[in-house]
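Descriptive structure summary
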Amino acid sequence: MKAITLGPQGLQYMEHPDKHPEQGQVKVRLKTAGLNHRDLFIIEGVPGPVHPCVLGSDGAGVIEETGEGVSGLAQGMEVIINPCLGWDRADEVPVVPDILGYPADGTFAEYVIVPEQNVMPKPAYLSWEEAGVLPLAALTAYRALFTRGNLKRGEHVLIPGIGGGVATFAALMAAAAGAQVTVTSRSEAKRAEALQLPVTRVIDSTSRWREELQHHPVDLILDSVGPATFDQYFEVIKPNGRIAMFGASSGDDLTIPARAIFFPQLQLLGTSMGSHEEFTAMLEFMEQHQIHPIMDSVYSLAETPLALQRMERAEQLGNIALRIG
């Protein structure tokens, strides 16, 4: 099968060995896949693995073959893939979640083999491109907002750095849940595009947030940026507010002002990806509110390097898909 692989020669579009599902597994003929920043982190952080690995965590397609012992799934079923492996319950957090796309072969390919519990029926209201970009980003956003962030109707959520898949899903979900939503971006073009989202306000990331939000303090902040914006959070968050952290695009090292945490009794919450339990709840929430992913662009599988370059340059607003089938 054709696949995008990372190996000793770097990233390549090449033939990859085709396999059959083993007991408890299903083989999915992929229609679409989705890009995530995780793909870039793997390319930059793995120095040429000895054995070529197929990249990609997100995908949707049609079941081609089932292994022994698989029940309730059949050839021809349209499915969406949960990329988090072996994480069943929301409160049973693994040290590091196993995710498709490294070291397990992923979705930038014509086929992928996954455990039977990692496929769910594709929501009928979504196109193949929309379904293919949904899993990892929407799951991460759902857990950050609701499981960890405990977002309630009427609260005010701040999402710095609008543009990527998780941030756009979080904005759509928070608005659907009845929250006020403020997003930020350094890019004038992205701020203009973000005005098309169901958000309450859009502000410049480089502005003084205290002045922009002086009459609109924040209950929950979803932080994927880190040091570049972290200091501003304490100027706009309410007492007893929450900061849910799921990324660090500007670096890992933070200086945390202790008094700014304990006097207003803030909560710093780590979050990443999500469980099978939350994946099921996320799909139900998306379908209940008929939420469609924000689609930035669609590339062919062979054009994956171009798609990754677009993501690396942070040019996208929303999700980048690969059309495979």
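Use the structure listed above.
The text that follows walks through the structure, step by step, so that each part is easy to find. Values in this document were obtained by computation on a predicted structure and should not be read as measured data.

1. A few points about the sheet that holds strand E15 (residues 237-245)
- What the six strands build is an open sheet, ordered E13-E12-E11-E14-E15-E16; its pairing is parallel. Every other strand in the sheet has two partners, leaving strand E13 (201-204) and strand E16 (267-270) as the edge strands with one partner each. Averaged over neighbouring strand pairs, the angle between their axes works out to 20° when direction is ignored.
- Of the pairings in the sheet, the one linking E15 to E16 comprises four bridges and is parallel in character. If you follow methionine 245 over to E16, its bridge partner there is glycine 270.
- Along the sheet, helix H3 (residues 135-148) makes contact with strand E11 (156-159), strand E14 (218-223), E15 and E16, crossing E14 at roughly 150°.
- Across the sheet, helix H7 (residues 227-236) touches E11, E14, E15 and E16, and the angle it forms with E15 is around 150°.

2. Some details on the packing of helix H1 (residues 37-45) against helix H10 (residues 304-312)
- One can describe the packing of H1 onto H10 by two numbers: an axis separation of 10 Å at closest approach and a directional angle of 100°. By the angle between their directions, the pair H1 and H10 is classed as roughly perpendicular. Together, His37, Asp39, Leu40, Ile43 and Glu44 of H1 and Leu308, Met311 and Glu312 of H10 make up the contact between the two elements.
- For the contact of H1 with H10, the class distribution of residues is four nonpolar, one polar and three charged.

3. Digging into empty space enclosed by the protein
- The tally for this structure, following the rule as stated, stands at one cavity of 30 Å³ or more.
- Surrounding the largest cavity, Asn82, Cys84, Gly86, Trp87, Asp88, Gln117, Asn118 and His276 form its lining.
- Classifying every residue of the lining of the largest cavity gives two nonpolar, five polar and one charged.

4. Quick word on the layout of surface pockets
- Of the voids in this model, the largest pocket is the one considered here, and its volume is about 1,500 Å³.
- Around the largest pocket, the lining comprises 50 residues; the ones closest to its centre are His37, Phe41, Ser224, Gly247 and Ser249.
- Looking at the lining of the largest pocket, the elements that each hand over two or more residues are H1, strand E8 (98-99), H3, helix H4 (165-176), H7, H10 and strand E18 (319-323).
- Of the residues forming the lining of the largest pocket, the biggest block, six residues, is contributed by H1.
- Looking at side-chain class alone, the lining of the largest pocket contains 24 nonpolar, 20 polar and six charged residues.
- Considered as a void within the structure, the second largest pocket measures approximately 320 Å³ in volume.
- Elements with a contribution of two residues or more to the lining of the second largest pocket: strand E3 (25-34) and strand E9 (111-115).
- Counted by class, the lining of the second largest pocket contains 10 nonpolar, four polar and four charged residues.

5. Thoughts on the side chain of arginine 191
- The residue arginine 191 is located in helix H5 (residues 188-194) in this model.
- When sequence neighbours within four positions are dropped, the list of residues in contact with arginine 191 reads Ser185, Arg186, Val202, Ile203 and Asp204.

6. Focus on the packing of aromatic side chains
- Going through the model one piece at a time under the given rule, you end up with seven aromatic pairs.
- Centroid distance phenylalanine 146 to phenylalanine 285: 5.3 Å. Interplanar angle 50°. Geometry classified as tilted. In this pair, phenylalanine 146 is assigned in helix H3 and phenylalanine 285 in helix H9 (residues 276-289), connecting sequence segments 139 residues apart. Neither phenylalanine 146 nor phenylalanine 285 differs from the other in exposure class; each is buried.

Basis of the calculations
Residues numbered from 1 in each chain as written. Predicted model: local features only at pLDDT ≥ 70, side-chain atom pairs only at ≥ 80, totals over all residues. Heavy atoms only, no water. Pairing = 2+ DSSP bridges. Helix = DSSP H or I, 4+ residues; strand = E, 2+ residues; numbered from the N terminus. Axes fitted to C-alpha atoms, helices over the stretch in contact; angles between N-to-C directions. Contact = heavy atoms within 4.5 Å. Parallel < 35°, antiparallel > 145°, perpendicular 65-115°, else oblique. Nonpolar A, V, L, I, M, F, W, Y, C, P; charged D, E, K, R; others polar. 1 Å grid on protein atoms, 1.4 Å probe; cavity = no way out; pocket = protein on both sides within 12 Å on 5 of 7 lines; lining within 4 Å. Points joined across faces, edges and corners; volume = space filled by probe spheres on them. Phe/Tyr/Trp six-rings, centres within 6.5 Å; stacked < 30°, edge-to-face > 60°. Buried < 20%, exposed > 50% of the residue type's maximum accessible area, 1.4 Å probe, protein only.

Shape is all these values report; function is a separate question.
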